[in-house]
Amino acid sequence: MKYNPHQIEKKWQKFWEENCSFEPADDKSAPKKYVLSMFPYPSGRIHMGHVRNYAIGDAIARYWRKNGHNVLHPIGWDAFGMPAENAAIKNGVHPKKWTYENIAYMRKELAALGLSFSKDREFATCDPLYTKYEQAFFIDMWERGLVYRKKGYLNWCPHDQTVLANEQVIDGCCWRCDTPIVQKEMYQYYIKITEYADELLEDLGRLEEGWPAQVIAMQRNWIGKSVGLEFSFRLDKQSARMCGIESFEVFTTRPDTICGVSYAAVAPEHPIAKAAIERGVVDSAAAEKIAQMQRMPVRERNMAEKEGVPLGLYAVHPVTGERVPVWVANFVLMEYGSGAVMAVPAHDSRDYDFAKRYDLPIKPVVFPEDGELPEGEAFVEDGVVKGCDGFDGLFGQEARDAIISWFEEKGLGKKVINFRLKDWGVSRQRYWGAPIPMIHCRECGVVPERKENLPVTLPDDVEITGEGNPLDRHASWKDTVCPECGGSAERETDTLDTFVQSSWYFLRYTTPRRLWEETAFTKEDAGYWMPVDQYIGGIEHAILHLLYARFFTKVLRDLGYVNVDEPFKRLLTQGMVLKDGAKMSKSKGNVVDPDALIEKYGADTARLFILFAAPPTQELEWNDSAVEGAHRFLRKLYDRAGRVDECTRLPEIDHSALQKSEKEARRKVYEALKKGEDVYRERFTFNTLIAAVMEALNALDKQQNPQVWQEGMWILLNLLEPIVPHICWDLSETLFKRNNFGFIDIVEEVFEVDTIQMAVSVNGKPRAQIEVSADAAKEEILEIAKSSVPKWLEGKSVVKEIVVPGRLVNLVVK
RNA sequence: GCGGACGUGGUGGAAUUGGUAGACACGCCAGACUUAGGAUCUGGUGCCGCAAGGUGUGGAGGUUCAAGUCCUCUCGUCCGCACCA
């Protein structure tokens, strides 16, 4: 029989569909595994990145299911977002229609890959039933004070007509359309992720076992905790009178350098700068210069050269009592700390550059323990304090601690922890999103919708032009009554950031569909399935999605919905799929279409190639002839299986009665089985498992024992099932009534050998191969070893002998 | 600048605790079978060398009986963050 992938794949896909083969059991006493690949955005078609993502997840899910675990392996759709609106603008198709049609098409594409997803738990985040609970969570958070409204300068994308979170701005441009963003002042809703900054940082330590170091490092960096001293600079009397401000706060992580302060710098937006302009403390030229700095977007300032304006105001140094000038500087950020810094040019490279430019004093107060201060730059490392009364001789951290204590004792300042993480702005001025369930009442202000009125659904009759927000123009939708006073009121027209939906979808999956009408998810179900045992997705989500999902989980825990602290126990970040060294993209014209690949070779070949070509965490370079190679292997497997006799149990084999080639074949087969345990449970380096299976098949091919063939095929089909399920189900059904799909014990006797090959090296260089009996004593091995390399011992004396059992002999000669 | 990852044949990649570098595959070469082959099978294939042998994991040192693996320095590539005080 010839291998016919299309026939086999259709047959088994139909079987799985009809038998609901992959639904998790309700039995909560069984050991569980929750395996989750990040859900896709329904863009229209799947691409190779999806194939890779789901092939990895499916392999892990199938492994555990086959080994007696209750497995949850769901799929859904991250269905809100701008592309649907862009399609509406471009082609006039309604976002809802566009989205659900894309889902229907992509569902078929995924089905053609033979992925073992639960059918029962599939949903799209734009389903009103999903929105309902998301809005309820939002209201809970509002009532808890975790959501608030704030007016401020926001990143506005003139192209998409929407506000962007800081994380969505890349190099000053929109993350989607690359348009330069501008600053616009407006109200929006924020979620207080900063309230969880410490816990989010702290718990990263618990993820070190299961998450890539890189992702943890990126999140740490993003949260950006720093510990330091906050104190206030008092302005001298005359200065205070001039600007009407008595003092201002500064934050420093280097209190040990405090005696080196030669000026103070404030952000262009700082109240002191504003006051100095308003009260005419600075002349009009200086005022204009400050205004100019303010106008420059914050993100561009870091490209610009350091600039400043002296305000003609002076602050009093809290330790030395010196008068130091106050400057406005473009490198000081209003959003971080208090928007003002003490400047120590001798020990901070920014302050140094600035001081050089404006000829301000540079006063070293920290010195290297040994050696000299560097020339022409700031000394930024830890050192010994010298020239700071009362603290001289202290080093680095001890100096910092001492100075902080001094400030605290005198009541002049305190130890403070600052974070770079900002609150999460979730408002979007867009149609295709979950409406923010708030109502604006003239009498009662901004109030939440009543929970019994949820979900607040989107109106279907909208015109999407790409300008403004269609909800804002929809008078009858906006018109509502106030849930507090019953008077006429208006709906909030902003919708939620799509990252909100992806922050809790993994919890929704834990609960069976039949309960979805009543609840978001049950505590019992979430308690059983959570945390996700293995999460798989792209590194591009290392910060945003993964941080928000961690945050949301903690909030829902504190709201009493779940009992987990962290949603994802283990994380695998897959590498990109490349062709000709570049990411596949339409514009580069290097896209390989998964549908065409399946059409030509079948899903099993696609899956095999993608798992064989590289370890999952690495980039994968596409190679058409290697795809051929993968297909060739499946044909060979199918052909060899055709020569194996049917049976329903693992045959019992008398190992000692076997010939050498038969023993070798068994050893290779069981080596592959051993490898499988490690790969499916720990390492996920499927490429090495596939190689081991290939070796085993090659070894089986070199012998004819029918029982060794039966046993070998029994095990290899078991091992390959998670990777190439269709062919394995088909062959296993025919040969073994699928009894080979279960846990298989490793037979240790196959690893016992009569003779061992060992290498003999002389002075570390391999010189000969010897064969010794397995129970040979060290002396015997050395004897044989020495006689195998006479040429290298001639005229020399052996000064050292090393025997590594089962490996090699090293003779050191002189 | 800070943080992280990586560097192995013509190619993708193996080598889990230091122990025969290059498993497995792609490609290539030779042969067999064939009317034919882009099918299948067999053998070969790091580099230099006719050979003996030498040499080889980005580079330079070091530790060790033994280093792709450990240490120091250095070069290069990629990714993330970035005037965060």
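Undergrad: In this structure, what is going on with the protein's contact with RNA strand B? I would like to understand it.
TA: Residues in contact with RNA strand B amount to 56 residues; listed here are only the nearest, Thr252, Thr253, Lys306, Arg350 and Gln769. In this structure, Asp678 approaches RNA strand B through a side-chain N or O atom, which is 3.2 Å from a base nitrogen. Split into classes, the residues belonging to the surface near RNA strand B amount to 23 nonpolar, 16 polar and 17 charged.

Undergrad: Looking at this structure, I do not really get the state of the cysteines. What am I missing?
TA: Such a bond, covalent and formed between the sulfur atoms of two cysteines, is termed a disulfide. Within the structure shown, the criterion is met by one disulfide. Shown here is the disulfide that connects Cys259 with Cys388, its sulfur atoms set 1.8 Å apart. With the S-S bond torsion at 45°, the cross-link from Cys259 to Cys388 turns out right-handed. Of the two residues, Cys259 is situated in the loop between β9 (247-252) and β10 (263-266) and Cys388 in the loop between β15 (384-385) and α13 (396-410); the sequence distance between them amounts to 129 residues. Among the residues examined, Cys259 registers a relative accessible area of 1% and is labelled buried.

Undergrad: Before we go on, may I ask you to explain the pairing of strand β12 (residues 323-329) in this structure?
TA: The side chains of a regular strand alternate between both faces of the sheet. Of all the seven residues making up β12, six are buried; the element is thus mostly covered by neighbouring parts of the structure. Two elements, β10 and β12, share three bridges in a ladder whose sense is parallel. Within β12, the position partnered with Ala265 by the bridge is Trp327. The loop that links strand β11 (residues 308-316) with its antiparallel partner β12 comprises six residues; one of these, Gly321, has a positive phi angle of about 80°.

Undergrad: Please clarify how the sheet that holds strand β28 (residues 620-621) should be interpreted in this entry.
TA: Strand order in the open sheet formed by three strands is β27-β26-β28, with mixed pairing between adjacent strands. In this open sheet, the two strands that pair with only one neighbour each are β27 (582-583) and β28. As judged from the two bridges shared by strand β26 (residues 577-579) and β28, these two strands associate in the parallel manner. Paired with Val577 across the bridge in β28 is Leu620.

Undergrad: Could you clarify how one ought to interpret the pattern of salt bridges in this entry?
TA: Going through the model one piece at a time under the given rule, you end up with 57 salt bridges. A salt bridge links Glu566 to Lys554; the shortest N-O distance between them is 3.0 Å. Of this pair, Glu566 sits in the loop between α18 (544-558) and β25 (571-574) while Lys554 sits in helix α18, and the two are 12 residues apart along the sequence. Per residue, the accessibility class of Glu566 equals that of Lys554, and both read buried. Taking the shortest distance from any N to any O, the salt bridge between Arg557 and Asp558 comes out at 2.9 Å. With relative accessibility at 17%, the residue Arg557 sits in the buried group. For Asp558, a relative accessible area of 30% gives the class partly exposed.

Undergrad: Help me out: how do you make sense of the environment of Trp622 in this one?
TA: Within the secondary structure, Trp622 sits in the loop between β28 and α21 (624-641). In this structure Trp622 comes out as buried when scored by relative accessible area, which is 5%. Taking C-alpha positions, Trp622 is 44 Å from Pro459, a pair spaced 163 residues apart along the chain. Residues contacting Trp622, with those up to four places away along its chain left out, are Met48, Val577, Leu578, Lys579, Met584, Val592, Leu597, Phe609, Ile610 and Val627.

Undergrad: In this structure, what is going on with the nonpolar core? I would like to understand it.
TA: Soluble globular proteins: nonpolar side chains tend toward being buried together. Membership of the largest hydrophobic core comes to 178 residues, with the highest contact counts inside it found for Trp424, Trp504, Tyr505, Phe506, Trp622 and Met713. If sequence neighbours within four positions are ignored, Phe506 has contacts with Tyr34, Leu36, Met530, Val532, Ala549, Thr553, Pro567 and Phe568. Counting residues in each nonpolar core, the second largest holds 44 residues, with Leu229, Ile290, Val366 and Ala399 among its members.

About the criteria used
- In this numbering scheme, every chain counts its residues from 1 along its sequence in written order.
- Each chain takes a letter, starting from A, and each ligand takes a number, starting from 1, following the order in which they are written.
- Predicted model: local features are reported for residues with pLDDT of at least 70 only, side-chain atom pairs are reported and counted for 80 or more only, and whole-chain, interface and lining totals are derived from all residues.
- Think of the side-chain values as coming from all heavy atoms in the structure, minus any hydrogens and water.
- Nearness of a residue to a molecule or strand requires only that one of the residue's heavy atoms be within 4 Å of it.
- Think of a polar contact as two N or O atoms within 3.5 Å of one another; within protein, one of them needs to be a possible hydrogen donor and the other a possible acceptor, and neighboring residues in sequence only count if both atoms come from side chains.
- Only Asp, Glu, Lys and Arg are considered charged in this grouping, and only Ala, Val, Leu, Ile, Met, Phe, Trp, Tyr, Cys and Pro are considered nonpolar; every other residue, Gly among them, is considered polar.
- Cysteine sulfurs are considered disulfide-paired once they come within 2.5 Å of each other.
- To qualify as a helix, a DSSP run of H or I must reach at least 4 residues; to qualify as a strand, a run of E must reach at least 2; elements of each kind are numbered from the N terminus.
- Using a 1.4 Å probe on the protein chains alone, a residue whose accessible area is under 20% of its type maximum counts as buried, one over 50% counts as exposed, and one in between counts as partly exposed.
- Pairing between strands is defined by DSSP: at least two bridges between them are needed.
- Whenever Lys or Arg places a side-chain nitrogen within 4 Å of a carboxyl oxygen from Asp or Glu, that contact is recorded as a salt bridge.
- By the convention used here, residues are in contact when the closest approach between their heavy atoms is within 4.5 Å.
- Buried Ala, Val, Leu, Ile, Met, Phe, Trp, Tyr and Cys residues form a nonpolar core when they are joined through side-chain atoms within 4.5 Å.

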